[in-house]
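Notes for the structure review
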Number of protein chains: 2
Amino acid sequence: MTIHKISRPVCILGLGLIGGSLLRDLATTTTTVYGFNRSPSGASAAAKEGFDVSGDLVATLQRAATDDALIVLATPMPALPTLLDALNEHAPNCGFTDVVSVKGEVYDLVRSRGMTDRYVGGHPMAGTADSGWTASQNDLFRGAAWVITFDHAYEDPSEDWLKLWLDVVTMAASVGAEVIPARVATHDEAVARISHLPHILAETLAIVGDNGGALALSLAAGSFRDGTRVAGTNPSLVQAMCETNRDALLVALDEARKLLDDARAHLSSPEKSLSELIDAGYRSRIRYEARSGTSPLGISARPVLRLHPGAAGWLSTLEQAEGLGARIEVF
Amino acid sequence: MTIHKISRPVCILGLGLIGGSLLRDLATTTTTVYGFNRSPSGASAAAKEGFDVSGDLVATLQRAATDDALIVLATPMPALPTLLDALNEHAPNCGFTDVVSVKGEVYDLVRSRGMTDRYVGGHPMAGTADSGWTASQNDLFRGAAWVITFDHAYEDPSEDWLKLWLDVVTMAASVGAEVIPARVATHDEAVARISHLPHILAETLAIVGDNGGALALSLAAGSFRDGTRVAGTNPSLVQAMCETNRDALLVALDEARKLLDDARAHLSSPEKSLSELIDAGYRSRIRYEARSGTSPLGISARPVLRLHPGAAGWLSTLEQAEGLGARIEVF
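Since the model is a prediction, treat every value here as computed from it, not as a measurement. (Residues numbered from 1 in each chain as written. Chains lettered and ligands numbered in written order. Predicted model: local features only at pLDDT ≥ 70, side-chain atom pairs only at ≥ 80, totals over all residues. Heavy atoms only, no water.)

1. Things to note about the overall build of chain A
Helix and strand content of chain A: 13 helices and 11 strands. Computed over the C-alpha atoms, the radius of gyration of chain A is 21 Å, within 12% of the 20 Å expected from 2.2 N^0.38 for a compact globule of 331 residues. The dimensions of chain A, computed from C-alpha atoms along their principal axes, are 70 × 50 × 40 Å. Counting across all 331 residues of chain A, residues that qualify as buried make up 59%. Taking contacts inside chain A between residues at least 6 apart in sequence as the whole, the part at least 24 apart equals 69%. Separation between the mean location of the 28 positive side-chain charges and that of the 39 negative ones in chain A comes to 4 Å. (Helix = DSSP H or I, 4+ residues; strand = E, 2+ residues; numbered from the N terminus. Rg over C-alpha atoms; globule rule 2.2 N^0.38 Å. Buried < 20%, exposed > 50% of the residue type's maximum accessible area, 1.4 Å probe, protein only. Contact = heavy atoms within 4.5 Å. Lys, Arg positive; Asp, Glu negative; His and termini not counted. Charge placed at Lys NZ, Arg CZ, Asp CG, Glu CD.)

Below, the structure is given as structure tokens:
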């Protein structure tokens, strides 16, 4: 793999778990990186650790405009409209990306402001149940999938956009993530299944367990602990990501409800057999274990495809990677 | 806490994850312990490690009858009827316990054979997704809840039964478990919520994720991995425990389905708000974290009650402990 270098400084807006961890990792590379955080406590905590961090959004954007930085929007969804307007006002020529877990609603905001040729969507599939600067850590993204969208590649993109796309890919790779290209709608359908539905089911399980009172909570062991872990996530973050992906989540939720309705019917029938659900679930889990993530040896289980942004055939390579869930390397 | 010693040898029938781990732990104490395993490979593997293990059920039961051992039935549910008949034939005076995760159906089998005055039900809340002798390990039960049933205490139990009850409690405590008394029906209602429903939801999530194809499986990260972990459990074990707890599982499953139906209605309404589910789920998870298991310092979060088997007031102490999910110490 050719090692690319990000061609410009990186300016991160929002230094929570994702933005803060990205700042930490990029600061260990040769890339110039600085950030803004709205909460003064987070900003001053980061500054105290020696990072180049400001609590002044306008000044930060003006600096980004001056040095033509790549701007990373790392705030929760609800802050994005205001932030995009500020970008248009104070850094109108900077390319930018984001890390929001739903891409459709972000793309609508970007498109409605005429900013698609400056934007490449991103979504690092990393996180913990904690949030904020204090939860940020080095190496959060190592081996994790980082989705980069490419819808604008079909819309006669500029040379600058191709360079921006390459820089966003390079930034994700430089912190150890595996870059997986996907279009906005395809991404949102996938994450509804593997990221948003898990939250809905975890909340549900937590409530039903709690309804059992003190004895049930006292007996709860590994299966309940793991099954409810993400219910400990800040509720406003969960709400934001689930609600902004409503249409795709409804599809996934309805599939789950159908499976549970069928299981109920089977269990209450005279045969009371749950084998259909349990056998299919087991096969699915085994398939997941084989196909996703990294092996204990740290070797990625994901196939890899190589491409050059804008070169002949790159779109079909992107589509192929999207279909395979493959990671890409750029040359 | 007064340290009791088990008053007799322990004979374990079935050396899988639970029975094997119990054998390993008891072998490190002064208690005489031996076992039987139906599969010759498991039996010879255990024997090769120096454990006192046989592949001959009748001989093992005759030995238990001779030295009046406490017999532990550590096989999956489907093997129990045959095993109980063998017990009646070859070790008709031995007290026994079991480790099956559903207590109602076991108690029916025991009662229908007139064995209630020789039986104390048990259920250690410990396990992994793996099974068999090769999955067994030392210290599997340390800090885990181990439910001991006490329904027969209301049925004019013999002195021998009270001694048996004390021995079963002592055995669980001697391997580091926290003994939580509960009646059969109460136990089954609780585990439907915190052990069986988690399996049903994990299977469901695994299938819906898998339906998303290669991209979804490639993007799946922590929330999906944790939420589907127990779907990797041997399907026949999951089926046995869920199906034998049908009535209680249906109650828990219907509560979950109702929550999901309501969430669907809220999400598809114009307000598209999931706050009701998400806020309640978050509160439930926080309550669980506060009330169950052990702290990072290894200090149990469970309240403790002290009692003496058969002493005045012990039944009300047992009932109180059951209601609180409290652990008990015997004196």
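The discussion continues.
2. Brief notes about the interface of chain A and chain B
Facing 90 residues of chain A, the contacting portion of chain B comprises 89 residues. For the chain A and chain B pair, buried surface summed over both sides reaches about 8400 Å², with 67% attributable to carbon and sulfur atoms. When the buried area of chain A at its contact with chain B is split by residue, Leu215, Leu219 and Tyr288 of chain A rank highest and sum to 8% of it. Inspection of the region where chain A meets chain B yields nine salt bridges. Arginine 257 of chain A is the salt-bridge partner of aspartate 261 of chain B, the closest N and O atoms lying 3.0 Å from each other. (Buried area = accessible area lost by both parts, 1.4 Å probe. Salt bridge = Lys/Arg side-chain N within 4 Å of Asp/Glu carboxyl O.)

3. Some points on helix H7 (residues 184–211) of chain A
Residues and elements named next belong to chain A. Taking 1.5 Å of rise per residue, 28 residues should cover 40 Å, and H7 covers 39 Å from first to last C-alpha, within 8% of that figure. Taking the largest bend as the criterion, H7 deviates by roughly 50 degrees, centred on alanine 192. Of all the 28 residues making up H7, 24 are buried; the element is thus mostly covered by neighbouring parts of the structure. Looking one or two residues beyond H7, the residue adopting positive phi is glycine 213, at roughly 80 degrees. (Expected span 1.5 Å × (residues − 1). Bend = angle between axes of the 7 residues up to and from the residue.)

4. Side note on the domain arrangement of chain A
Residues and elements named next belong to chain A. Here chain A is described as being made up of domain 1 (10–182 + 296–330) and domain 2 (187–273). Taken residue by residue, the interface counts 14 residues in domain 1 and 14 residues in domain 2. In this assembly, domain 1 packs against domain 2 so that about 1100 Å² is buried in total across both faces, 65% of it on carbon and sulfur atoms. Counting every contact that joins domain 1 to domain 2 gives three residue pairs in polar contact (both at pLDDT 80 or more). Of the residues contributing to the side of domain 1 that touches domain 2, the split by class is eight nonpolar, four polar and two charged. (Domains from an automatic or database assignment. Polar contact = N/O pair within 3.5 Å; in protein donor to acceptor, adjacent residues only side chain to side chain. Nonpolar A, V, L, I, M, F, W, Y, C, P; charged D, E, K, R; others polar.)

5. Examining the nonpolar core
Within the largest apolar cluster, 76 residues are counted, with the highest numbers of intra-cluster contacts made by Leu197, Ile200 and Leu219 of chain A together with Leu197, Ile200 and Leu219 of chain B. For leucine 219 of chain B, the residues in contact, after removing those within four places along its chain, are Met125, Ala145, Val147, Ile180, His187, Ala190, Val191 and Ile194 of chain A. (Core = buried A, V, L, I, M, F, W, Y, C linked by side-chain atoms within 4.5 Å.)

6. Some points on the sheet that holds strand S2 (residues 33–36) of chain A
Residue and element names in this part refer to chain A. Ordered by their spatial adjacency, six strands build an open sheet running S3-S2-S1-S4-S5-S6, and the pairing between neighbours is parallel. Here the strands that pair on one side only, and so sit at the sheet edges, are strand S3 (53–54) and strand S6 (119–120). Bridge count for strand S1 (residues 10–13) against S2 is four bridges, and the pairing is parallel. When the bridges of S2 are listed, valine 10 appears paired with valine 33. (Pairing = 2+ DSSP bridges.)

7. Overview of the state of the cysteines
All names here are of chain A. For the structure on display, the rule yields zero disulfides over all chains. Left unpaired, cysteine 11 is separated from the closest cysteine sulfur, that of cysteine 94, by 7.7 Å. Residue cysteine 11 is classed as buried on the basis of its relative accessible area of 0%. (Disulfide = S-S within 2.5 Å.)

8. Considering the packing of helix H7 (residues 184–211) of chain B against helix H11 (residues 246–268) of chain B
What describes two packed helices is the angle between their axes and the distance between those same axes. All names here are of chain B. Contact geometry of H7 with H11 gives a least axis separation of 8 Å together with a crossing angle of 60 degrees. It follows from the interaxial angle that H7 and H11 lie oblique. As H7 packs across H11, the resulting crossing turns out to be right-handed. Contacts between H7 and H11 involve Asp188, Glu189, Ala192, Arg193, His196, Leu197 and Ile200 on the former and, on the latter, Ala248, Leu249, Val251, Ala252, Leu253, Glu255 and Ala256. Taken together, the residues of the contact of H7 with H11 sort by class into nine nonpolar, one polar and four charged. (Axes fitted to C-alpha atoms, helices over the stretch in contact; angles between N-to-C directions. Parallel < 35°, antiparallel > 145°, perpendicular 65-115°, else oblique. Left-handed = near helix turned anticlockwise from the far one by under 90°.)

9. Looking at the pairing of strand S2 (residues 33–36) of chain B
All names here are of chain B. Alternating residues of S2 divide into Val33 and Gly35 and Tyr34 and Phe36, and every residue in both groups is buried. A crossover links strand S1 (residues 10–13) with its parallel partner S2, the connecting element being helix H1 (residues 17–26), and its sense is right-handed. Where S2 meets strand S3 (residues 53–54), two bridges bridge the pair, whose relative direction is parallel. Paired with phenylalanine 36 across the two strands is serine 54, which belongs to S3. (Right-handed = clockwise from strand over helix to strand, strands pointing away.)

10. A word on unusual backbone geometry
For aspartate 156 of chain A, which is not a glycine, the phi torsion comes out positive at approximately 55 degrees. On the secondary structure map, aspartate 156 of chain A appears in the loop between strand S8 (145–148) and helix H6 (159–174).

11. Topic: the relation of the copies chain A and chain B
With an RMSD of 0.0 Å, the fit of chain A onto chain B corresponds to turning through 180 degrees and sliding 0.0 Å along the axis. Such a turn and shift between the copies fits a two-fold axis. (Least-squares fit on C-alpha atoms with pLDDT ≥ 70 in both.)

12. A few points about the pattern of salt bridges
A side chain of one charge can pair with a side chain of the opposite charge if their charged atoms are brought near each other. By the definition in use, this model includes 41 salt bridges over all chains. Glutamate 289 of chain B serves as the salt-bridge partner of arginine 285 of chain B, at 2.6 Å between the closest nitrogen and oxygen. Placement of both arginine 285 of chain B and glutamate 289 of chain B in helix H12 (residues 275–291) is noted, with a separation of four residues, approximately one turn of the helix. For arginine 285 of chain B, a relative accessible area of 8% puts it in the buried group. Linked through salt bridges whose partners overlap, the residues forming this network are Glu178, Arg302, Arg306, Arg327 and Glu329 of chain A.

13. Section: a negative patch on the surface
The grouping of Asp68, Asp117, Asp156, Glu159 and Asp160 of chain A at the surface amounts to a negative patch. Following the sequence through the fold, aspartate 68 of chain A ends up in the loop between helix H3 (57–66) and strand S4 (70–73). (Patch = residues over 30% accessible without salt bridge, like charges linked within 9 Å, V, L, I, M, F, W, Y side chains within 5 Å. Areas by Shrake-Rupley, 256 points an atom, 1.4 Å probe, with all protein chains shown as cover.)

14. Remarks on the packing of aromatic side chains
All names here are of chain A. Under the defined criterion, the tally for this structure stands at 14 aromatic pairs over all chains. Ring geometry for phenylalanine 96 versus tyrosine 119: centroids 5.2 Å apart, planes at 40 degrees, classification tilted. Of this pair, phenylalanine 96 sits in strand S5 (residues 96–98) while tyrosine 119 sits in strand S6, and the two are 23 residues apart along the sequence. Both residues of the pair, phenylalanine 96 and tyrosine 119, count as buried. Site record: aromatic cluster; members linked through ring pairs are Phe96, Tyr107 and Tyr119. Sitting above the plane of the tyrosine 34 ring, arginine 63 keeps its charged end 3.6 Å from the centroid. (Phe/Tyr/Trp six-rings, centres within 6.5 Å; stacked < 30°, edge-to-face > 60°. Lys NZ or Arg CZ within 6 Å of the ring centre and 35° of its normal.)

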